[in-house]
Amino acid sequence: MIVFEIKLKVFLLQNIEVKYAQTKIAEFLDKGFLWDEELAKFHEENKFKNYSFNLPFPLEKDQIYKKGGIYNIIIRTIDEQLARYFSEVCANTYTESLKGLTTEIRTLPQKQIECLYTLLPAILKDEKGYWRSYMNLSEYGERIKVNLIKKWNQFEHEKLDEEFQLYSLIEFSNKVPVAMEYKNIRLLGDKFCIHITDHPTAQQLAYMAIGTGVLEMNSRGAGFVNYRWL
């Protein structure tokens, strides 16, 4: 498995408040899918999309990205076809909010990972609502693990042995839920640092998560992670 990272430079055609930036980026990335029959089908399928992205940077002090400004967006994926799409198509894509300018692509090396930390809130979707009202920390950690295993199994077409310890510690950086705007509703998520064990499977899943993001709604801008190597 290889994690691809694409650095996308965009030009803003209108002001964008930070809280709406994830939605605007998702719309931008989605638009290009429609130009390719296979990718259009992929976009409509109900399955893990295996890519994630961060907010544009640099971040403005007043939390509003400026019309006429040029910003960078990092997109990561474990899917080589998607990596080629993001690299080749996004530079020529535009919406009412964003216009692609240039892309740079590289692969991330697989090294021993100490921890993953979320740059955008991780979203756990459940009919019961926000997880802290009915779930303990151990159960939350298990949901992170199970979600990563499902992503691996779907992508690699194999079934991982689930008898391993993924992490030794989860440290949350938010004291109250972090809201994410999505289709005129506010989803509640969390930002955390998860310390990964030395187990080979845990390390494989952590490396994959750098590309896919953690938990759910990664293609909508949730659960994007950075990493610290040992």
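In this report, we go over the structure that sits alongside the text.

1. Overview of the nonpolar core
Membership of the largest hydrophobic core comes to 34 residues, with the highest contact counts inside it found for Leu116, Tyr140, Ile144, Leu166, Ile194 and Leu205. Mapped by element, the contributors of at least two residues to this core are β7 (113-118), α4 (137-156), β8 (167-172), β11 (192-196), α5 (200-212) and β12 (225-229). For this core, the leading source of residues is α5, giving seven residues. Once residues lying within four places of it in the same chain are set aside, the contact partners of Tyr140 are Ala122, Leu124, Trp131, Met135, Phe172, Asp190, Phe192 and Leu215.

2. Quick look at α4
Between the first and last C-alpha of α4 there are 29 Å, a value that for 20 residues agrees with the 28 Å anticipated at 1.5 Å per step. Within the span of α4, buried status applies to Tyr140, Gly141, Ile144, Lys145, Asn147, Leu148, Ile149, Lys151, Trp152 and Asn153. Among the structural elements, β8, β11 and α5 are those in contact with the buried residues of α4. The N-cap of α4, judged by a side-chain oxygen 3.1 Å from the amide nitrogen of Ser138 a few residues on, is Asn136. Immediately beyond the C-terminal end of α4, within one or two residues, lies His157, with a positive phi of roughly 55°.

3. Brief notes about the pairing of β11
Every other side chain in a regular strand lies on the same face of the sheet, so the side chains alternate between the two faces. Burial analysis of β11 places five of its five residues in the buried class, which makes it a mostly covered element. Residues Phe192, Ile194 and Ile196 of β11 are buried on one face, and the alternating residues Cys193 and His195, pointing to the opposite face, are buried as well. Where β7 and β11 come together, three bridges link them in antiparallel fashion. Bridged to Leu116 within β11 is Ile194.

4. Some thoughts on the packing of aromatic side chains
The tally for this structure, following the rule as stated, stands at 10 aromatic pairs. Both rings, one in Tyr85 and one in Phe86, keep their centres 4.9 Å apart while their planes meet at 50°; by these two values the pair is tilted. Look at Tyr85 and you get buried, because its relative accessible area is 4%. Each ring, one from Phe172 and one from Phe192, has its centre 5.9 Å from the other, and the planes form 70°; the classification is edge-to-face. Taken together, the residues Phe172 in strand β8 and Phe192 in strand β11 connect sequence positions 20 residues apart. The rings of Tyr130, Trp131, Tyr140, Phe172 and Phe192 are connected pair by pair, giving a single aromatic cluster. The lysine or arginine in question, Lys111, covers the ring of Trp229, its NZ or CZ lying 4.3 Å from the ring centre.

5. A word on the packing of α4 against α5
The N-to-C vectors of α4 and α5 enclose an angle of 80°; their axes lie 10 Å apart at closest approach. The angle between α4 and α5 falls in the class roughly perpendicular. Touching Leu148, Ile149, Lys151 and Trp152 of α4 are Gln204, Leu205, Met208, Ala209 and Thr212, all from α5. Looking at the contact of α4 with α5 residue by residue, the classes come out as six nonpolar, two polar and one charged.

6. Things to note about the packing of helix α1 (residues 18-33) against helix α3 (residues 80-89)
At a closest axis distance of 11 Å, the pairing of α1 and α3 adopts a crossing angle of 100°. As the angle between them shows, α1 and α3 are arranged roughly perpendicular. Along the contact surface, α1 presents Leu29, Gly32 and Phe33, while α3 presents Leu82, Tyr85, Phe86 and Val89. Residues of the contact of α1 with α3, tallied by class, amount to six nonpolar, one polar and no charged.

What counts, and where the lines are drawn
Residues take numbers from 1 onward in each chain, read along the sequence in its written order. A pLDDT threshold of at least 70 governs which residues receive local features in this predicted model, and a stricter bar of 80 or more applies before side-chain atom pairs are shown or counted, although totals over entire chains, interfaces and linings include all residues. The side-chain values count all of the structure's non-hydrogen atoms but skip hydrogen atoms and water molecules. What we call a nonpolar core is a set of buried Ala, Val, Leu, Ile, Met, Phe, Trp, Tyr and Cys residues that are connected through their side-chain atoms within 4.5 Å. Per-residue accessibility, obtained with a 1.4 Å probe over protein chains only, is compared with the maximum for each type, and a residue is labelled buried under 20%, exposed over 50%, and partly exposed between these values. Going along the chain from the N terminus, every DSSP run of H or I of four or more residues is numbered as a helix, and every run of E of two or more is numbered as a strand. By the convention used here, residues are in contact when the closest approach between their heavy atoms is within 4.5 Å. Helix span is expected to be 1.5 Å times the residue number reduced by one. We define a polar contact as two N or O atoms separated by no more than 3.5 Å, with the added condition that, inside protein, one atom must be a possible hydrogen donor and the other a possible acceptor, whereas residues neighbouring each other in sequence contribute only through side-chain atom pairs. In this description, strands pair whenever DSSP reports at least two bridges between them. Put simply, two rings from Phe, Tyr or Trp (the six-membered ring, in Trp's case) pair if the centres are within 6.5 Å, and we call them stacked under 30 degrees between planes, edge-to-face over 60, tilted for the rest. Charge-over-ring contacts are defined here by two conditions on Lys NZ or Arg CZ: a distance within 6 Å of the ring centre and an angle within 35 degrees of the ring normal. Each axis is a line fitted through C-alpha atoms, taken for helices only over the stretch in contact, and angles between the N-to-C directions span 0 to 180 degrees. We call two directions roughly parallel when the angle between them is under 35 degrees, roughly antiparallel when it is over 145, roughly perpendicular when it lies between 65 and 115, and oblique otherwise. Under the grouping applied here, Gly and all other residues not named as nonpolar or charged are polar, the nonpolar ones being Ala, Val, Leu, Ile, Met, Phe, Trp, Tyr, Cys and Pro and the charged ones Asp, Glu, Lys and Arg.

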